[in-house]
Amino acid sequence: MDTEDKPRTGILNLDVLSCPICVEPFTIPIFQCDNGHLACSSCCPKLRNKCPSCSWPVGHSRCRAMETVLESISIPCQNAGFGCTTKLIYGEESTHEKTCTFSPCSCPVKDCNYTGSCKDVYVHYKNLIHPNPQSTSQRYRVRCGESFSVKMNISDNLVIGTLYKERLLFTVQSFRKSYGVYVIVSCIAPSSPKVGKFSYCITYTIDGHSITYKSPELKKIQRVSFHTPQENYMLIANSSLHGESLEMRICIKKEKRDKTNDIKGPHQKRRAEGDGTIRRTAPSTPGLRKLSYRPSYSDDGQILI
């Protein structure tokens, strides 16, 4: 007979692993009164260490048996189907899953229902020819830190590109409003620190004049939204538009460290202050001095026309 200890499976009502007072999953330490009624460490002070079931003192004696049960329970991440192999202690699932690298993302191409991890979505988009090529007619394959040109129609609303080395997708979206056009760049990825932090810069040029917007953060999204953005966008006023076409240069950078901690001199300081601002420069003309000025702008980094 095999006498080795082997894990055995069974059925457990998970309600017994939750505090009967706050109904939240138990976390260690767990306390009990002399009658065996349980309470989590957060609830004991709120009850003034008085058991709500029998009025006996609670919050001084640990329930080691229940703590041992919790320590023995291993729960797979809900994103296991997308590749996550992390095993979690009961009660810690929500903390992990908020920043799990394998949180599902959706393909940004219209009418495509593919869902997977951000890396899988990248491979899916790169290798698949979609039946509706509207959003994929211009595939932008770029490297972080290198500027590239984007041409899009405002009415198209969306173009998609690939960050080659990082194996991530990014989107450029435009939103027409009565006073101008919003432009925003996003990354198809969960908000996990392991994905990395990115920033971006947009330069829009018309008749030789340039408007530049620098954002300190490239927002990560798991699904493309067609709602008007509330932050981290560039606003191009109607007076600066030329028909339905937008021609821009975009540069996406991956932030390796917090640059605010590296400011040591005036040159670094001036560079750091450039994030989130808009500047206009006049084209160079022979015989004329090149002028530049810094217009007023709102709190969200948009130029005030």
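Residues numbered from 1 in each chain as written. Predicted model: local features only at pLDDT ≥ 70, side-chain atom pairs only at ≥ 80, totals over all residues. Heavy atoms only, no water.

The subject of this paragraph is the overall build of the protein. Secondary structure assignment for the protein yields five helices and 19 strands. Nonlocal contacts in the protein, meaning residues at least 24 apart in sequence, comprise 53% of its contacts between residues at least 6 apart. As displayed, the protein offers around 18,800 Å² of accessible surface, 50% of which is attributable to carbon and sulfur atoms. (Helix = DSSP H or I, 4+ residues; strand = E, 2+ residues; numbered from the N terminus. Contact = heavy atoms within 4.5 Å. Areas by Shrake-Rupley, 256 points an atom, 1.4 Å probe, with all protein chains shown as cover.)

Turning to the UniProt feature "domain: RING-type" (unreviewed entry) in the protein, a few remarks are in order. Under the local residue numbering, the UniProt record ascribes the feature "domain: RING-type" (unreviewed entry) to residues 19–55. The distance from the first to the last C-alpha atom of residues 19–55 is 17 Å, and the span holds 11% helix and 16% strand. (UniProt positions renumbered as here; feature names shortened; annotations may be inferred.)

As enumerated under the stated definition, the model contains three salt bridges in all. The partner of E67 in a salt bridge is R62, with the nearest N and O atoms 2.6 Å apart. By relative accessible area, which is 5% here, E67 ends up buried. Here E244 and R176 are joined by a salt bridge, their closest N and O atoms 3.1 Å apart. Taken together, the residues span a long stretch of sequence, with E244 in the loop between β16 (234–237) and β17 (245–255) and R176 in strand β11 (residues 168–177) at a distance of 68 residues. Take E244: its relative accessible area is 41%, and that puts it in the partly exposed class. (Salt bridge = Lys/Arg side-chain N within 4 Å of Asp/Glu carboxyl O. Buried < 20%, exposed > 50% of the residue type's maximum accessible area, 1.4 Å probe, protein only.)

Further remarks concern the nonpolar core. If you look at the biggest cluster of nonpolar residues, it comprises 51 residues, and the most contacted ones within it are F170, V172, V183, V185, L246, M248 and I252. For this core, the element with the most residues is strand β12 (residues 180–188), which contributes seven residues. Dropping the residues within four chain positions of it, V183 is found in contact with V172, Q173, I202, Y233, M234, I236, L246 and M248. Counting 13 residues, the second-largest nonpolar core is a separate cluster that includes L17, C63, M66 and I75. (Core = buried A, V, L, I, M, F, W, Y, C linked by side-chain atoms within 4.5 Å.)

Another point: the pairing of β12. By the criterion of burial, β12 is predominantly enclosed, with nine of the nine residues buried. The sheet contact formed by β11 and β12 spans nine bridges and is antiparallel. Each residue of the ladder has a partner; that of F170, found in β12, is C187. Hairpin remark: β11 followed by β12, antiparallel, with two residues in the connecting loop. Of the pairings in the sheet, the one linking β12 to β16 comprises four bridges and is antiparallel in character. When the bridges of β16 are listed, V181 appears paired with I236. Here β12 runs beside strand β15 (residues 219–221); their pairing, made up of three bridges, is parallel. Considered in β15, the bridge of I188 is made with I221. (Pairing = 2+ DSSP bridges.)

Turning to the environment of P45, a few remarks are in order. Topologically, P45 is positioned in helix α1 (residues 43–46). Along the primary structure P45 and V58 are separated by 13 residues, whereas in three dimensions their C-alpha atoms are 9.3 Å apart.

Glancing now at the sheet that holds strand β2 (residues 38–40). Across a sheet, strands are paired by hydrogen bonds formed along the backbone, either parallel or antiparallel in direction. Taken together, the three strands give an open sheet; going across it, the order is β2-β1-β3, and neighbouring strands pair in antiparallel fashion. One side of each edge strand has no neighbouring strand; the edge strands of this open sheet are β2 and β3 (61–62).

Another point: the packing of aromatic side chains. Applying the stated criterion across every chain yields a total of four aromatic pairs. Judged by centre distance (5.6 Å) and plane angle (55°), the rings of F148 and F170 are tilted. Here F170 lies in strand β11 and F148 lies in strand β9 (residues 148–153), a separation of 22 residues in the sequence. Since its relative accessible area comes to 9%, F148 is described here as buried. Residue classification places F170 among the buried positions, given a relative accessible area of 1%. Considering the side-chain rings of Y179 and Y182, the 6.1 Å spacing of their centres and the 75° angle between planes classify their relative orientation as edge-to-face. Judged by its relative accessible area of 8%, Y182 is buried. An aromatic cluster is present here, built from Y179, Y182 and Y233 joined pairwise through their rings. A cation over a ring is seen here: R141 above Y164, with NZ or CZ 3.9 Å from the ring centre. (Phe/Tyr/Trp six-rings, centres within 6.5 Å; stacked < 30°, edge-to-face > 60°. Lys NZ or Arg CZ within 6 Å of the ring centre and 35° of its normal.)

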